[in-house]
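Tertiary structure, described
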Amino acid sequence: MIIEVTKVESLLQRHERKKNSLLAVLQDIQDEYNYLPKEALQIISKHLEIPLIDVVGVATFYRAFSLEPRGKHMCKVCLGTACHIRGGPKILDEVEKKLDVAPGQTTKDRQFTLETVNCLGCCAIGPVMVVDEDYHAHVSTKQVDQILKQYRKKGKGKK
Ligand code: FES
């Protein structure tokens, strides 16, 4: 992806030029691009006078940030103990098959990024699959295709 330097610079203007602005700046960049482009990290590094290696260190520490382009929709399958017992791995297999990606990967059409999680705090409704902000409860393998289609059709999501 080619980023607009001026856009990154204008996002930087929203924050004080201090090292402790780093997290907020990264959040803004992540919100804008849905990931943290390398070029943006270089600009941030220069602007905040923080070595690039430290900027990357922070960016990789937090799971909310991604250094790889993400899909329009985040699809998370829970593999925590309760969901695992109730068939979480089968749900994951089905999602992998339908999207043709492994966890951590994004579909070629950039529609979905698949992730696994270890408990979403709603074990009673497992197995749970979350797409964007929507929790899908008691998911069966038969429902997976239907659920994914809703997002392809409606174009729900951030961008
Ligand atoms: S184990 Fe899946 S929500 Fe807790």
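This section reports on the structure supplied with the text. Quick caveat, the model's predicted, so the values are computed rather than measured.

**Remarks on the overall build of the chain**
Check the secondary structure of the chain and you find seven helices and four strands. Each helix (α) and strand (β) of the chain, taken in turn from the N terminus, gives the series α-α-α-α-β-α-α-β-β-β-α. Seen along its three principal axes, the alpha-carbon backbone of the chain occupies a region of about 50 × 30 × 20 Å. The proportion of buried residues among the 159 residues of the chain is 42%.

**As for the pattern of salt bridges**
With the rule as written, the count across this model stands at eight salt bridges. When the shortest N-O distance is used, the salt bridge between D28 and R14 registers 3.4 Å. Of this pair, D28 sits in helix α2 (residues 22-33) while R14 sits in the loop between α1 (5-13) and α2, and the two are 14 residues apart along the sequence. The buried category is assigned to D28, whose relative accessible area is 15%. With a closest N to O distance of 3.3 Å, D109 and R152 form a salt bridge. Separated by 43 residues along the polypeptide, D109 in the loop between α6 (88-99) and β2 (112-117) and R152 in helix α7 (residues 141-154) bring together distant segments of the chain. Look at the salt bridges and you will find they share partners, linking E94, K97 and K98 into a network.

**Some remarks on the packing of helix α3 (residues 38-48) against helix α4 (residues 52-61)**
In a packed pair of helices, the relevant descriptors are the angle between the two axes and the axis-to-axis distance. Two elements in contact, α3 and α4, have axes whose closest approach is 9 Å; the angle formed by their N-to-C orientations is 120°. Taken together, the axis directions place α3 and α4 in an arrangement best described as oblique. Relative to α4, the crossing made by α3 is right-handed. Contacts from L41, Q42 and S45 of α3 reach α4 at L52, V55 and V56.

What counts as what
- Residues numbered from 1 in each chain as written.
- Predicted model: local features only at pLDDT ≥ 70, side-chain atom pairs only at ≥ 80, totals over all residues.
- Heavy atoms only, no water.
- Helix = DSSP H or I, 4+ residues; strand = E, 2+ residues; numbered from the N terminus.
- Buried < 20%, exposed > 50% of the residue type's maximum accessible area, 1.4 Å probe, protein only.
- Salt bridge = Lys/Arg side-chain N within 4 Å of Asp/Glu carboxyl O.
- Axes fitted to C-alpha atoms, helices over the stretch in contact; angles between N-to-C directions.
- Parallel < 35°, antiparallel > 145°, perpendicular 65-115°, else oblique.
- Left-handed = near helix turned anticlockwise from the far one by under 90°.
- Contact = heavy atoms within 4.5 Å.

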